[in-house]
Amino acid sequence: MLVRLVKMEFKPEEVANFEILFNEVKEKIRGFEGCEFLELLKGSEQSSVFFTHSHWTSAEALEKYRKSDLFTSTWAKTKVLFNAKPEAWSVEKFVTLQ
């Protein structure tokens, strides 16, 4: 399993627009083949900073999503709202305590 973390900082006046956009596509992203988990996190001290946290069955599944029409169209609408360059990491679970 691959875990994907993406940090996004938005222009303060665009936060509401991003929230609307995410709500429109979240079920489609979660339903994409290979996506096993999706959540959106919002900064507790910086309300214009968000993180997506998703789990993918493989790097290939994530790459297929990143080349999809869904990602391309969503990213095009999202990136114009940014206040800073996004950061992304693909990681594997190493230790989990529950």
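Residues numbered from 1 in each chain as written. Predicted model: local features only at pLDDT ≥ 70, side-chain atom pairs only at ≥ 80, totals over all residues. Heavy atoms only, no water.

Caption draft 1: Inspection of the environment of T57 at higher detail. With respect to the helices, strands and loops of the structure, T57 is situated in the loop between strand 3 (49-56) and helix 2 (59-66). Spatially, the C-alpha atoms of T57 and V6 are 17 Å apart, while their sequence positions differ by 51 residues. For T57, the residues in contact, after removing those within four places along its chain, are M1, G34 and E36. (Helix = DSSP H or I, 4+ residues; strand = E, 2+ residues; numbered from the N terminus. Contact = heavy atoms within 4.5 Å.)

Caption draft 2: Quick look at the nonpolar core. By size, the foremost hydrophobic cluster in this structure holds 12 residues: L2, L21, V25, I29, F32, C35, W56, A61, L62, Y65, L70 and F71. For this core, the elements supplying multiple residues, two or more each, are helix 1 (15-30), helix 2 and helix 3 (69-79). Apart from the residues within four sequence positions on either side, L70 is in contact with V25, K28, I29, F32 and Y65. Among the nonpolar cores identified, the runner-up in size contains nine residues, and F10, V15, F18 and L81 belong to it. (Core = buried A, V, L, I, M, F, W, Y, C linked by side-chain atoms within 4.5 Å. Buried < 20%, exposed > 50% of the residue type's maximum accessible area, 1.4 Å probe, protein only.)

Caption draft 3: Up close: the pairing of strand 1 (residues 2-9). Here strand 1 pairs with strand 3 via eight bridges, running antiparallel. For M8, the partnering residue across the bridge sits in strand 3 and is F50. Pairing between strand 1 and strand 4 (residues 87-91): five bridges, direction antiparallel. Among the inter-strand pairings, R4 is bridged to a residue of strand 4, identified as S90. (Pairing = 2+ DSSP bridges.)

Caption draft 4: Spotlight on the packing of aromatic side chains. Under the criterion given, the structure shown has 10 aromatic pairs. Relative to Y65, the ring of W56 has its centre 5.2 Å away and its plane inclined at 25°; by these criteria the two rings are stacked. A residue is classified by how much of its surface remains accessible, and Y65, at 8% relative accessible area, is buried. Grouped by ring-pair contacts, the aromatic residues F10, F18, F22, F32, F50, W56, Y65, F71, W75 and F82 constitute a single cluster. (Phe/Tyr/Trp six-rings, centres within 6.5 Å; stacked < 30°, edge-to-face > 60°.)

Caption draft 5: Highlighting the sheet that holds strand 2 (residues 35-42). Reading across from one edge, 2-3-1-4 is the order of the four strands in this open sheet, with antiparallel pairing throughout. Taken across any chain shown, the strands that pair with only one partner, and hence form the sheet edges, are strand 2 and strand 4. For this sheet, the mean angle separating the axes of adjacent strands, direction not counted, is 15°. Pairing geometry for strand 2 and strand 3, over seven bridges, is antiparallel. Pairing of L38 across the sheet is with S54, part of strand 3. Its contacts with the sheet place helix 1 against strand 1, strand 2 and strand 3, and it is angled at close to 165° to strand 2. Packed onto the sheet, helix 2 meets strand 1, strand 3 and strand 4 and runs at close to 40° relative to strand 1. (Axes fitted to C-alpha atoms, helices over the stretch in contact; angles between N-to-C directions.)

Caption draft 6: Inspection of a nonpolar patch on the surface at higher detail. A grouping of F94, V95 and L97 is seen on the molecular surface, where their side chains present a nonpolar patch of about 460 Å² in accessible area. One can find F94 in the segment after strand 4. Given a relative accessible area of 81%, F94 falls into the exposed group. (Patch = residues over 30% accessible without salt bridge, like charges linked within 9 Å, V, L, I, M, F, W, Y side chains within 5 Å. Areas by Shrake-Rupley, 256 points an atom, 1.4 Å probe, with all protein chains shown as cover. Salt bridge = Lys/Arg side-chain N within 4 Å of Asp/Glu carboxyl O.)

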